[in-house]
Amino acid sequence: MDKQVQECWTALEERVQGYIAAADRERLHEALLFAEEAHRGQKRRDGSPFVTHPIAVAEILAEMCMDAETLIAALLHDCIEDTGVTHEEIVKRFGITVAELVEGVTKLTRVQYTSKEEEQMENLRKMFLAMAKDIRVIIIKIADRLHNMRTMNHQREEKQRMKSLETMEIYAPIAHRLGMQKIKWELEDRSLEYLDPYGYKELSDSLERNKAVHGEILDRVRTALENGMREAGIHGEVFSRLKHIYSIYRKVFEQHKTFGEVYDIYAFRVIVDSVQDCYNALGVIHDLYKPVLGRLKDYIAVPKPNGYQSLHTTVVGREGIPFEVQIRTQEMHQMAEYGVAAHWKYKQGMADVKLGTEKNFEWVRRLLENQQDTDPEEFVRTLKVDMFADEVFVFTPKGDVINLPAHSTPIDFAYSIHSEVGNTMTAARVNGHIVPFSSELKNGDVVEVLSSKAAHGPSRDWMKIARSNEARTKIRQWFKRERREENIIHGRASFEAELRRNGISLSEITAEDVLPAILKKVSFNTLDDMYAAIGYGGLTSQKAVNRIKDELMRINKLRPQTGKKKPADPPKAAGGSTTGIVVEGLDNCLVKFARCCTPVPGDAIIGFITKGYGVSVHRTDCPNATAAWKKDHDKGRWVGVSWRMDAPMTLSTGLELYVSDRDSLVMDITTVLSTLKTRLTALATHKLPEGRYSITLSVEVDSLQKLNQVLARLQQVPGVLRVNRVGARTA
Ligand code: MN
């Protein structure tokens, strides 16, 4: 064995000697040999054999007295990610628990980190906790990060900063949440060293320069506390230290002070045998020094959310320097130092204690799902992190974390981004693969929505598939709005027919100087509102036209005769009949087919009078047409159109195919088209990730029926995932 490896291993062995059973130490050694073999030839940046890293991580965990499975998993934690070792091999050699711990760490390793605003950070932290499932995964991951931070000086500067930022924003707060204060401090200090090297150096230099002064103060107060306790007959120990660098650093910035001005840098800890003695010791301290009002905190009676318990008081020393004293029992101290990890250490010496009855661990139990059904042994072995059981955290392709209700689907994801993203969704990719809309998202999934402006909108099934209220509400809104548009179309057609019967042209009532009075007369804000009401049946077109007719006559009487202007007619083209389109109220006008939705004979259509290019024919469900409906200045430019049954014609229309790549797929597609005697006028392919393509086609068909036949046949071609109608890019 390599000398460096041997040294690391000896250190680990010494740590586990005291508390891990011989049989488990044997398994640990097996794991060492396995890891050494797997990482053979790999080196760390400082040139040492790679396996020294997992051994060091295991040692950090052994210091916290973590159980054998955690230590074995720590030795193997980089095997799946960095070597050819598989999950199955680890199951076979070390059992399912170890394998799952390793798998869990691997998954966390794969989460991509980019710095974000605080809300995103909180989601990322929750995602970490939610992904881990077993809390030991998080503890291993934190120990892994701690060792990486300890050896960070060998890394490139850029990596140092990135890892330090991640440590500061993700790992230190998680360590804090789990109550692992000691590790949290070290993570913060080591990160600060890279994030603000000058600030860190200035501060640590200043502390170093005044080491003697600080040392003297620390010693004097400690001795005074020890003497006071002895005289009061309280058994306990007093520890003194300077606060950790990052906490002083933060005070400097939060209080806008210089390093010299921050006095609150001394920390004393009194550890006693019982809760009663905590309060007795507090009395002794307040006799010796003057307490600062409002700084006494009783975290014994009211523990912090992460389980932390202590008495805190700040007192003023003889030199007028304030300092904090924390008073707690040995058990509380273990919790304060190691947090949730102390759980295992505590367990070692107290095999008979029913953990379920221990008040100290109530906060840990809150992490458990259905914990009342769990027996104490099970509780220790499978501490689950189910704080976020009702949520799921997924990534956008850009790395933003989106927080959704548990069991959410790509539909929920799309609508949480934006209603338009949901309404135009045509397909969804999860981790690079196209998935059904109903598939359930898992923590850490990368979700991507493919959308098309020509999508037909949500289907009613989506309401059943969606889990979030947000998505359901937005889908419902869409249907409400869409119905309104259908109503407008129908109402308008009926209204215009009634107008014609009465010999009134639409332009007569939409003239700028007339329309407001007309709308007032019928009590609607816009013509669309009136059409919608007619379409819905809330108002008959006869009634509307009668009222308008009265108003029109009144206005025309008032208006000077010369002022009656005719609206500019759209340019007329000879042979309008050859277009195969009947335009209501316009005999002979130029007709063209909108490129955005490329209607084919049989589609429900509507005409739009363009400025100078005749009537443009859209499908009634074309998003452009529905969008244009809403523009006030476009009111009155819509006109009913229909297909001439006596003038058949062939039109080019656009299709979009999502396909997975395979040999001669394009040939098969063209074969289908030629079998159906359908002319292909354009074809373009666009490469997507993961061997997927989107293919846009322009085909010529003479009817909707024919088009549907083409769509159905294309859908059957192996490799074709989805076929949509879209706007043809070439016509
Ligand atoms: Mn590692």
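Residues numbered from 1 in each chain as written. Predicted model: local features only at pLDDT ≥ 70, side-chain atom pairs only at ≥ 80, totals over all residues. Heavy atoms only, no water.

Right, let's talk about the overall build of the protein chain for a bit. Of regular secondary structure, the protein chain possesses 29 helices and 21 strands. Sorting the 731 residues of the protein chain into buried and exposed places 50% on the buried side. Put simply, 67% of the contacts in the protein chain that link residues at least 6 apart link residues at least 24 apart. By element, 50% of the accessible surface of the protein chain is carried by carbon and sulfur atoms, the whole surface being about 35,600 Å². (Helix = DSSP H or I, 4+ residues; strand = E, 2+ residues; numbered from the N terminus. Buried < 20%, exposed > 50% of the residue type's maximum accessible area, 1.4 Å probe, protein only. Contact = heavy atoms within 4.5 Å. Areas by Shrake-Rupley, 256 points an atom, 1.4 Å probe, with all protein chains shown as cover.)

Within the protein, the manganese ion binds to His-53 (NE2), His-77 (NE2), Asp-78 (OD) and Asp-144 (OD); these donor distances fall in the range 2.1 to 2.4 Å. The sequence pattern formed by the donor residues of the manganese ion is H-x23-H-D-x65-D. Here the residue His-77 occupies a position in the loop between α4 (68-75) and α5 (79-82), and Asp-144 occupies one in helix α8 (residues 135-150), the gap between them amounting to 67 residues. Exposure remark for His-77: the relative accessible area of 1% places this residue in the buried category. (Donors = N, O, S within 2.8 Å, 3.2 Å for Na, K, Ca; no water.)

Tallied over the entire structure, the rule returns eight aromatic pairs. Judged by centre distance (6.0 Å) and plane angle (70°), the ring pair of Tyr-299 and Tyr-308 falls under edge-to-face. For Tyr-308, a relative accessible area of 5% puts it in the buried group. On the numbers, 5.9 Å between centres and 5° between planes, the contact of Phe-593 with Trp-643 is stacked. Placement of Phe-593 in strand β13 (residues 591-593) and of Trp-643 in strand β17 (residues 641-643) is noted, with a sequence separation of 50 residues between them. You can call Trp-643 buried: its relative accessible area is 12%. The structure contains a cluster of three or more aromatic residues connected by ring pairs, namely Phe-268, Tyr-289 and Phe-323. (Phe/Tyr/Trp six-rings, centres within 6.5 Å; stacked < 30°, edge-to-face > 60°.)

With that settled, consider α8. Structurally, the α-helix is built with 3.6 residues per turn, so residues lying three or four positions apart point the same way. Taking 1.5 Å per residue, 16 residues should reach 22 Å; α8 reaches 23 Å between its end C-alpha atoms and fits that length. Of all 16 residues that make up α8, 14 are buried, and the element is covered over most of its length. (Expected span 1.5 Å × (residues − 1).)

The next point concerns the sheet that holds strand β11 (residues 447-451). Across the sheet, three strands lie side by side as β10-β9-β11; this open sheet has antiparallel pairing. Each of the sheet's edge strands pairs with one partner strand only, and the pair in question is β10 (433-435) and β11. On average, each strand axis in the sheet is inclined to that of its neighbour by 40°, with strand direction left out of account. Set on the sheet, helix α19 (residues 410-417) makes contact with β9 (425-430), β10 and β11; between it and β9 the angle comes to about 110°. (Pairing = 2+ DSSP bridges. Axes fitted to C-alpha atoms, helices over the stretch in contact; angles between N-to-C directions.)

Here we come to the sheet that holds strand β20 (residues 692-701). Backbone-to-backbone hydrogen bonds join strands into a sheet, with any given pair of strands oriented parallel or antiparallel. An order of β19-β20-β18-β21 is seen for the four strands of this open sheet, with the pairing classed as antiparallel. Across the chains shown, the open sheet's two edge strands, defined by having one partner strand only, are β19 (679-688) and β21 (720-726). Taking the axes of each pair of neighbouring strands and ignoring which way they run, one obtains an average angle of 20° across the sheet. In this structure, β19 lies alongside β20, joined through nine bridges in antiparallel fashion. What sits directly across from Ala-682, in β20, is Ser-698. Along the sheet, helix α28 (residues 665-675) contacts β18 (651-660), β19, β20 and β21; its crossing angle with β20, the most-contacted strand, is approximately 20°. Strands in contact with helix α29 (residues 704-716) are β18, β20 and β21; relative to β21, the strand with the most contacts, it is inclined by about 155°.

Looking now at the pattern of salt bridges. Enumeration according to the criterion identifies 28 salt bridges in this entry. Glu-69 serves as the salt-bridge partner of Arg-136, at 3.8 Å between the closest nitrogen and oxygen. Here Arg-136 is found in helix α8, whereas its partner Glu-69 is found in helix α4, with 67 residues between them in sequence. We classify Arg-136 as buried; its relative accessible area is 1%. We note a salt bridge from Glu-166 to Arg-145, for which the minimum N-O separation is 3.1 Å. (Salt bridge = Lys/Arg side-chain N within 4 Å of Asp/Glu carboxyl O.)

This part takes up the pairing of β18. If a strand is regular, its side chains alternate between the two faces of the sheet. When you tally the buried positions in β18, you get nine out of ten residues, the bulk of the element. Pairing of β18 with β20 involves ten bridges; the strand directions are antiparallel. By the bridge assignment for β20, Ser-652 is matched with Glu-700. Looking at chain direction, β18 and β21 are connected through six bridges and run antiparallel. Opposite Leu-655, over in β21, you have Arg-725 as the bridge partner.

Here we come to the nonpolar core. Among the nonpolar cores identified, the biggest contains 78 residues, and Leu-61, Met-64, Leu-76, Ile-142 and Met-180 are the most heavily contacted of them. It is α8 that provides the largest number of residues to this core, a total of nine residues. Excluding anything up to four places from it in sequence, Met-180 contacts Met-64, Ile-139, Ile-142, Ala-175, Glu-337, Tyr-338, Gly-339, Val-340 and Ala-341. (Core = buried A, V, L, I, M, F, W, Y, C linked by side-chain atoms within 4.5 Å.)

Okay, the packing of α4 against helix α6 (residues 87-110) next. One way to put it is that α4 packs onto α6 with a least axis distance of 9 Å and a crossing angle of 60°. Overall, the two elements α4 and α6 adopt an arrangement that is oblique. Crossing of α4 against α6: the hand is right-handed. Every residue of α6 that contacts α4 at Glu-69, Thr-70, Ile-72 and Ala-73 is listed here: Phe-94, Thr-97, Val-98, Leu-101 and Val-102. Classifying every residue of the contact of α4 with α6 by side-chain character gives six nonpolar, two polar and one charged. (Parallel < 35°, antiparallel > 145°, perpendicular 65-115°, else oblique. Left-handed = near helix turned anticlockwise from the far one by under 90°. Nonpolar A, V, L, I, M, F, W, Y, C, P; charged D, E, K, R; others polar.)

Of all residues except glycine, most have a negative phi; of all peptide bonds, most are trans. Positive phi is not limited to glycine here, since Ser-523 has a value of about 60°. Relative to the helices and strands, Ser-523 resides in the loop between α24 (515-522) and α25 (527-536). Taking the relative accessible area as the measure of exposure, Ser-523 reaches 59% and is therefore exposed. Of note, the phi angle at Glu-690 is positive, near 65°, even though the residue is not glycine. Of note, Glu-690 is situated in the loop between β19 and β20.

Attention shifts here to the confidence of the model for the protein chain. Averaged over the protein chain, the pLDDT score is 82; the fraction of residues at 70 or greater is 87%. Considering only residues more than four positions removed or in separate chains, one finds that residues 348-385, a stretch of pLDDT under 50, has 66 contacts. Per-residue pLDDT stays below 50 along residues 561-578; that stretch engages in 24 contacts with residues further than four places along the chain or on separate chains. (pLDDT = per-residue confidence, 0-100.)

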